[in-house]
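# Examining the three-dimensional arrangement
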Amino acid sequence: MRELTYSELDRLQAKALESDETLQMDQDTFSGMYERTARPLWVFLWRRTGDSQLADDLLQETYYRFLRTPNVFENEAHRKNYLYRIAANLAHDTYRAQIPHSSLPDEREPGHPATPSADIEQTERRTDLNRAMSRLKPRQRDALWLAYAEGASHEEIARALGLKTNSVKLLLFRARRKLANLLRGERTLQ
């Protein structure tokens, strides 16, 4: 093995420093942003894939790609939208076909007893909703999730999914209509 000269070593170190320059925030800033966004982003990925381990892996890959990007972000909302766009693209790349979703864990308050019939009714509704959601197109599911679970505006949804703002309203309308028809047991042609 040949030895490196000092000029080659300096050039390699400079190249390594250049590749590390894409990290545009310090550790404290990233930690704060991670604490605010990791849980909702993980839930988004979990709902999209139906697999908690895959959601963990995609979450890690999302933050890795986020940190490696050379983009300069205008504000916190811009960062968040970019994270969701990376996550949606990763989930889309991982699964090209629709995947049925498992139901969310029961989030009842601890001390709040429920009657067995209420539990059965809630489970049936949740199962119906999950089954209907799994029959939507991935982009429709993502738009509904961002709009109603995350409370994102049309502009934020458009940036997160890589759409034009004007098309989000139509996408949400069609997704809601198709979901309602599926829940009623009707078939839609879309």
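You'll find the structure just up there.
Scope of this entry: the structure provided in the associated data block.

What counts as what
- Residues numbered from 1 in each chain as written.
- Predicted model: local features only at pLDDT ≥ 70, side-chain atom pairs only at ≥ 80, totals over all residues.
- Heavy atoms only, no water.
- Phe/Tyr/Trp six-rings, centres within 6.5 Å; stacked < 30°, edge-to-face > 60°.
- Helix = DSSP H or I, 4+ residues; strand = E, 2+ residues; numbered from the N terminus.
- Buried < 20%, exposed > 50% of the residue type's maximum accessible area, 1.4 Å probe, protein only.
- Core = buried A, V, L, I, M, F, W, Y, C linked by side-chain atoms within 4.5 Å.
- Contact = heavy atoms within 4.5 Å.
- Axes fitted to C-alpha atoms, helices over the stretch in contact; angles between N-to-C directions.
- Parallel < 35°, antiparallel > 145°, perpendicular 65-115°, else oblique.
- Left-handed = near helix turned anticlockwise from the far one by under 90°.
- Nonpolar A, V, L, I, M, F, W, Y, C, P; charged D, E, K, R; others polar.

### Structural notes on the packing of aromatic side chains
- Enumeration over the complete set of coordinates arrives at 6 aromatic pairs.
- Their ring planes at 5° and their centres at 5.9 Å tell us that tryptophan 42 and tryptophan 46 sit as a pair that is stacked. With tryptophan 42 and tryptophan 46 both in helix H2 (residues 27-49), this residue pair falls 4 residues apart, about one helical turn.
- Note on tryptophan 42: relative accessible area 16%, which makes it buried.
- Look at tryptophan 46 and you get buried, because its relative accessible area is 10%.

### As for the nonpolar core
- In this structure, Leu41, Phe44, Leu45, Leu146 and Ile157 are the most contacted members of the largest nonpolar core, which totals 42 residues.
- Mapped onto this core, the elements with two or more residues apiece are H2, helix H3 (52-68), helix H4 (76-94), helix H5 (116-134), helix H6 (138-149), helix H7 (154-161) and helix H8 (165-184).
- When near neighbours in sequence (up to four residues on either side) are disregarded, leucine 146 contacts Phe44, Tyr84, Gly151, Ala152, Ile157, Ala160 and Leu161.

### Focus on the packing of H3 against H4
- At a minimum axis separation of 9 Å, H3 and H4 run at an interaxial angle of 130°. In terms of orientation, H3 and H4 fall into the oblique class. Note that H3 runs across H4; the crossing there is right-handed. Contacts from Leu54, Leu58, Glu61, Thr62, Tyr63, Arg65 and Phe66 in H3 reach Arg79, Tyr82, Leu83, Ile86, Ala87, Leu90, Ala91 and Thr94 in H4.
- For the contact of H3 with H4, the per-class residue count stands at 10 nonpolar, 2 polar and 3 charged.

### Re the environment of glycine 151
- Topologically, glycine 151 is positioned in the loop between H6 and H7.
- Under the relative-accessibility criterion, glycine 151 is labelled exposed at 55%.
- Setting aside anything within four residues of it in sequence, one finds glycine 151 in contact with Leu146 and Glu156.

### Notes on the packing of H4 against H7
- Running from amino to carboxyl end, H4 crosses H7 at an angle of 45°, the nearest separation of the two axes being 7 Å. Accordingly, the angle class assigned to the pair H4 and H7 is oblique. The handedness of the crossing between H4 and H7 comes out as right-handed. Taking contact as the criterion, the partners of Ala77, Asn81, Tyr84, Arg85 and Ala88 in H4 are, on H7, Glu156, Arg159, Ala160 and Leu161.
- A class-by-class count of the residues in the contact of H4 with H7 yields 5 nonpolar, 1 polar and 3 charged.

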